[in-house]
Amino acid sequence: MAPAITLAAEAPKLSAANTGFMLICSALVMLMTPGLAFFYGGMVRVKSTLNMLMMSFISLGIVTILWVLYGFSLAFGTDSGSFIGWNSDWVGLSNIGLTELWDGYTIPIFVFMVFQLMFAIITPALISGALADRVKFSAWALFIALWATVVYFPVAHWVWGAGGWAFELGVIDFAGGTAVHINAGAAALGVILVIGKRVGFKKDPMRPHSLPLVMLGAGLLWFGWFGFNAGSWLGNDDGVGALMFVNTQVATAAAMLAWLAYEKIRHGAFTTLGAASGAVAGLVAITPSGGAVSPLGAIAVGAIAGLLCAMAVGLKYKFGYDDSLDVVGVHLVGGVIGSLLIGFFATGKGQSTATGVFYGDHSFDQLWKQCAGVFAVLAYSLVVSAILAFLLDKTIGMRVSEDDEVAGIDQAEHAETAYDFSGAGGGAARTAVPAGVADTASKKVDA
């Protein structure tokens, strides 16, 4: 009788469909950074518009180079002590085969690398919204480089890297509630506690100068977030990515409606800024949880996040920290809410069999795991970010001068302005205006 033959499990093969899908998702996530730039750019005063745009765009340059040189290796290389990774073959992406697959998946390492790169780019860009109007651009660029190296790359390894302590503990973070949003929100709080308030905080009006830009940015973020979330499953073979796609839409809608309802009750109006902010709060909250909850759970996650984030943005006036564009109120609070609610709403029928309190986990096992991940990332990012800001402030200085801040950081740091009115009303129409009136009008425009 012939001996029994044991067949080895068939190794994954490159999937053109999943590879193409992930490249599209990577491009969508890249689009989120310019979308964020418009979102933030419309929320600041005219004199800070270009600086706000540049604070996001510069991350595209700096983080890309660092990721290629060593960031990818630190975040996803072979684990060392459950804290950091390293793979010398990935330094400079020098020894990666074109068709070499990401371990256990059907996409090339290059595709996984570039998808994760887009996450690494947008995370420090999120921090910039808290620092509007007052930070030197050179100091900000250096902060991005240092922060990505000592905060983002290690935290990404904790949460998503094989061997990372949060990954091994079983902390659920589908697409970045801890590694992206809590990480960025806590960093924003740490930096603003060091550099202080804007000139005129709580005294001068600091209203958004262009709500259409805000809505455009929010729309681009919402659109790109489908790649951010659904793409994080790295393929389309079992329906989990589709669940995440649906839950992303559902939670965002619920959060926007909850924010607007709170705003109407509290302030008497439905504002466009509230609609945009509510949508972003929902996107933030569903990011960690969307693969674990049902669509009904996504409604709950979004509604709770929309309400609590709307309430949280006012805390800066109560406690006196100047979070210019509500990064703490939306990203930190929204990330915490979305991450912790997994411990209540996880069904066990999505990305894993882990269940929440409302689905049978009466030992609170998953909730405690979520708490461990949330508060470890929050504490680490808050403390290290504050130390980095303190060191930069004491060496090269983090803030522009008070005169430059009052006059406008765009002109001081970039020698440009967002809107040029010098040609307005020229030609024949101007000759019909009496000289004295024209001079007066010109002075008002210049002012």
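Residues numbered from 1 in each chain as written. Predicted model: local features only at pLDDT ≥ 70, side-chain atom pairs only at ≥ 80, totals over all residues. Heavy atoms only, no water.

> Would you mind showing me how to read a nonpolar patch on the surface here?
Taken together, the side chains of I304, L307, L308 and M311 make up a nonpolar region of the molecular surface, amounting to roughly 300 Å² of accessible area. Here I304 is to be found in helix α10 (residues 295–312). (Patch = residues over 30% accessible without salt bridge, like charges linked within 9 Å, V, L, I, M, F, W, Y side chains within 5 Å. Areas by Shrake-Rupley, 256 points an atom, 1.4 Å probe, with all protein chains shown as cover. Salt bridge = Lys/Arg side-chain N within 4 Å of Asp/Glu carboxyl O. Helix = DSSP H or I, 4+ residues; strand = E, 2+ residues; numbered from the N terminus.)

> What is the right way to look at the packing of helix α1 (residues 16–43) against helix α3 (residues 109–127) in this model?
Where α1 meets α3, the axes come as close as 9 Å, and the angle between the chain directions of the two elements is 10°. Considered as vectors, α1 and α3 are oriented roughly parallel to each other. Relative to α3, α1 is oriented so that their crossing is left-handed. For the pair α1 and α3, the contacting residues are T19, M22, L23, C25, S26, V29, M30, M32, T33, L36 and Y40 in the first and V111, V114, F115, M118, F119, I121, I122, A125 and L126 in the second. Here the residues of the contact of α1 with α3 are counted per class, giving 17 nonpolar, three polar and no charged. (Axes fitted to C-alpha atoms, helices over the stretch in contact; angles between N-to-C directions. Parallel < 35°, antiparallel > 145°, perpendicular 65-115°, else oblique. Left-handed = near helix turned anticlockwise from the far one by under 90°. Contact = heavy atoms within 4.5 Å. Nonpolar A, V, L, I, M, F, W, Y, C, P; charged D, E, K, R; others polar.)

> In this structure, what is going on with the state of the cysteines? I would like to understand it.
When the sulfur atoms of two cysteines share a covalent bond, that bond is a disulfide. Summed over the entire model, instances satisfying the criterion amount to zero disulfides. Here C371 stays free of any disulfide, with the sulfur of C309 as its closest cysteine sulfur at 17 Å. (Disulfide = S-S within 2.5 Å.)

> Looking at this structure, how should I read the packing of aromatic side chains?
The relation between two aromatic rings is expressed through the spacing of the ring centres and the mutual angle of the planes. Evaluated as defined, the whole model comprises 28 aromatic pairs. Ring centres of F39 and Y40 lie 6.0 Å apart, and the angle between their planes is 35°; this geometry places the pair in the tilted category. Taking 6.3 Å as the distance between ring centres and 75° as the angle between the ring planes, the aromatic pair formed by Y152 and F153 counts as edge-to-face. Note on accessibility: Y152 and F153 belong to one class, buried. (Phe/Tyr/Trp six-rings, centres within 6.5 Å; stacked < 30°, edge-to-face > 60°. Buried < 20%, exposed > 50% of the residue type's maximum accessible area, 1.4 Å probe, protein only.)

> Would you mind showing me how to read the side chain of T178 here?
With respect to the helices and strands, T178 occurs in helix α6 (residues 177–195). Setting aside residues no more than four positions away along its own chain, T178 makes contact with V159, D173, N183, S339, G373, V374 and V377.

> Help me out: how do you make sense of the environment of G176 in this one?
By the element assignment, G176 lies in the loop between α5 (165–169) and α6. Between the C-alpha atom of G176 and that of T287, which follows or precedes it by 111 residues, the distance is 6.0 Å. Apart from residues no more than four positions distant in its own chain, G176 is found in contact with W160, H181 and T287.

> Please explain the pattern of salt bridges as it appears in this structure.
If charged atoms from side chains of opposite charge come close, those side chains can pair. If you walk through the whole model with that rule in mind, you get six salt bridges. With a shortest N-O distance of 2.8 Å, R198 and D322 are connected by a salt bridge. Note that R198 is positioned in the loop between α6 and α7 (211–230) and D322 in the loop between α11 (315–319) and α12 (327–345), a separation of 124 residues in sequence. Classification of D322 as buried rests on a relative accessible area of 2%. Each of the salt bridges in this network shares a partner with another, and the network as a whole consists of R45, D133, R198 and D322.

> Would you mind going over the confidence of the model for the protein chain with me for this structure?
Do not read the fine detail of predicted coordinates wherever pLDDT is low. Summary statistics for the protein chain give a mean pLDDT of 93 and a share of 92% for residues scoring 70 or more. Below pLDDT 50 for its whole length, residues 1–8 participates in zero contacts with residues either more than four positions away or in separate chains. A low-confidence stretch, residues 427–447 (pLDDT under 50), is modelled with six contacts involving residues beyond four sequence positions or located in other chains. (pLDDT = per-residue confidence, 0-100.)

> Got a minute to help me understand the nonpolar core in this structure?
A general trend in soluble globular proteins is that nonpolar side chains are found buried together. Core analysis: the biggest nonpolar cluster contains 122 residues, and W67, F72 and L131 have the highest contact counts within it. Tallying contributions element by element places helix α4 (residues 137–160) first for this core, with 16 residues. (Core = buried A, V, L, I, M, F, W, Y, C linked by side-chain atoms within 4.5 Å.)

> Could you clarify how one ought to interpret empty space enclosed by the protein in this entry?
Rolling a probe over the atoms, with the probe sized like a water molecule, indicates the empty space that remains. The tally for this structure, following the rule as stated, stands at one cavity of 30 Å³ or more. What the largest cavity holds in volume is close to 60 Å³. Breaking the lining of the largest cavity down by element, the ones donating at least two residues are α1, α3, α6 and α7. When residues in the lining of the largest cavity are grouped by element, the largest group, three residues, is from α7. Classifying every residue of the lining of the largest cavity gives nine nonpolar, two polar and no charged. (1 Å grid on protein atoms, 1.4 Å probe; cavity = no way out; pocket = protein on both sides within 12 Å on 5 of 7 lines; lining within 4 Å. Points joined across faces, edges and corners; volume = space filled by probe spheres on them.)

> Could you clarify how one ought to interpret helix α8 (residues 240–267) in this entry?
With 28 residues, α8 extends 39 Å between its outermost C-alpha atoms, agreeing within 8% with the 40 Å of an ideal straight helix rising 1.5 Å per residue. Note on α8: the residue one or two positions beyond its end, G268, has a positive phi of about 85°. (Expected span 1.5 Å × (residues − 1).)

> I would appreciate a short explanation of unusual backbone geometry in the present structure.
Excluding glycine, a negative phi dihedral is what most residues carry, and trans is how most peptide bonds are arranged. With a phi angle near 85°, D133 is a residue other than glycine that sits in the positive phi range. Along the chain, D133 falls in the loop between α3 and α4. The exposure class assigned to D133 is buried, which follows from its relative accessible area of 3%. Even without being glycine, A415 reaches a positive phi, approximately 55°. Here A415 shows up in the loop between α15 (409–414) and α16 (428–431). Classification of A415 by relative accessible area gives exposed; the value is 58%.

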